Amino acid sequence: MLSIIRDTPPHVFGVRATGQVTAEDLKSVLLPGLEVLTQKYDEIYYLLVLETPVENFTVGAWFQDMIAGLKHFTKWKKAAVVTDEKAVEKFTDAFSYIAPGEFKGFELAQLDDAILWLQKK
């Protein structure tokens, strides 16, 4: 399940992933949120708080995630993935080398640091 995180800076779209995450979650929460952000600011500052193992994302969810990334490929400025899964954190850090924008992994205990990092344009 994806839920919107409301207490982020206005230019940051944040979601929290818990339990199983499906394609419908991405279609009804992530994609509309990114659309609003790009229409309003013409760039994406994104926060993902991952409180579920990545194995809980269905194949359809991964496909929708890929679509979201490609659709707004040039709009990504910063993305923070907050998780206690070290492999996901390292992958996020490495993603900055192949995609536009900055991508950074944070531990769950560093959520406030992630938001501060995203706050700076």
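Coordinates for the structure precede this section.
A brief report on the enclosed structure follows. (Residues numbered from 1 in each chain as written. Predicted model: local features only at pLDDT ≥ 70, side-chain atom pairs only at ≥ 80, totals over all residues. Heavy atoms only, no water.)

### Side note on the pairing of strand 1 (residues 2-5)
Link 1 in the chain: When strand 1 meets strand 2 (residues 12-17), the two strands line up antiparallel, connected through four bridges. Each residue of the ladder has a partner; that of Ile4, found in strand 2, is Val15.
Link 2 in the chain: Taken together, strand 1 and the strand that follows it, strand 2, pair antiparallel across an intervening segment of six residues. (Pairing = 2+ DSSP bridges. Helix = DSSP H or I, 4+ residues; strand = E, 2+ residues; numbered from the N terminus.)

### Structural notes on helix 1 (residues 23-41)
Link 1 in the chain: For helix 1, which comprises 19 residues, the first-to-last C-alpha distance of 25 Å matches the rise-based estimate of 27 Å (1.5 Å per residue) to within 8%.
Link 2 in the chain: The sharpest bend along helix 1 measures roughly 30 degrees and falls at Leu30, with the proline Pro32 sitting one to four residues further on.
Link 3 in the chain: Listing the buried residues of helix 1 in full gives Ala23, Asp25, Leu26, Val29, Leu30, Leu31, Gly33, Leu34, Leu37 and Thr38. (Expected span 1.5 Å × (residues − 1). Bend = angle between axes of the 7 residues up to and from the residue. Buried < 20%, exposed > 50% of the residue type's maximum accessible area, 1.4 Å probe, protein only.)

### What about the side chain of Asp25?
Link 1 in the chain: Here Asp25 shows up in helix 1.
Link 2 in the chain: Summary of buried charges: Asp25 has no salt-bridge partner, and the nearest side chain of opposite charge, Lys27, is 11 Å away.
Link 3 in the chain: Within the structure, Asp25 has its side chain in polar contact with the backbone nitrogen of Thr22 (distance 2.8 Å).
Link 4 in the chain: Discounting chain neighbours no more than four positions away, the residues touching Asp25 are Met1, Leu2, Gln20 and Leu30. (Lys, Arg positive; Asp, Glu negative; His and termini not counted. Salt bridge = Lys/Arg side-chain N within 4 Å of Asp/Glu carboxyl O. Polar contact = N/O pair within 3.5 Å; in protein donor to acceptor, adjacent residues only side chain to side chain. Contact = heavy atoms within 4.5 Å.)

### Looking at the environment of Trp76
Link 1 in the chain: Relative to the elements of secondary structure, Trp76 occurs in strand 4 (residues 76-82).
Link 2 in the chain: For the pair Trp76 and Asp42, spaced 34 residues apart in the sequence, the C-alpha separation amounts to 9.3 Å.

### Here's the deal with the environment of Leu111
Link 1 in the chain: Structurally, Leu111 can be placed in helix 4 (residues 111-119).
Link 2 in the chain: Between the alpha carbons of Leu111 and Leu48 there is a distance of 9.8 Å; along the sequence they are 63 residues apart.

### Concerning the sheet that holds strand 3 (residues 44-50)
Link 1 in the chain: Pairing is mixed across the open sheet formed by five strands, whose spatial order is 1-2-3-4-5. Each having just a single partner strand, strand 1 and strand 5 (102-106) make up the two edges of the open sheet. When the angles between neighbouring strand axes are averaged without regard to direction, this sheet yields 20 degrees.
Link 2 in the chain: The pairing of strand 4 with strand 5 spans five bridges and is parallel. Pairing of Val81 across the sheet is with Gly105, part of strand 5.
Link 3 in the chain: Contacts between helix 1 and the sheet are confined to strand 1, strand 2, strand 3 and strand 4, with strand 2 contributing the most and set at about 165 degrees to the helix. (Axes fitted to C-alpha atoms, helices over the stretch in contact; angles between N-to-C directions.)

### What about unusual backbone geometry?
Link 1 in the chain: Its identity as a non-glycine residue notwithstanding, Asp42 has a phi of 60 degrees, on the positive side.
Link 2 in the chain: Overall, Asp42 belongs to the partly exposed group, its relative accessible area being 46%.

### Notes on the pattern of salt bridges
Opposite charge on two side chains permits them to pair, given that their charged atoms come into close proximity.
Link 1 in the chain: What the rule picks out here adds up to three salt bridges.
Link 2 in the chain: Linking Lys75 and Asp42 is a salt bridge whose minimum nitrogen-to-oxygen distance equals 2.6 Å. With Lys75 in the loop between helix 2 (59-71) and strand 4 and Asp42 in the loop between helix 1 and strand 3, the pair connects residues that are 33 residues apart, well separated along the chain.
Link 3 in the chain: Taking relative accessible area as the criterion, Lys75 reaches 25% and is therefore assigned partly exposed.

These values are about where atoms sit, not about what they do.
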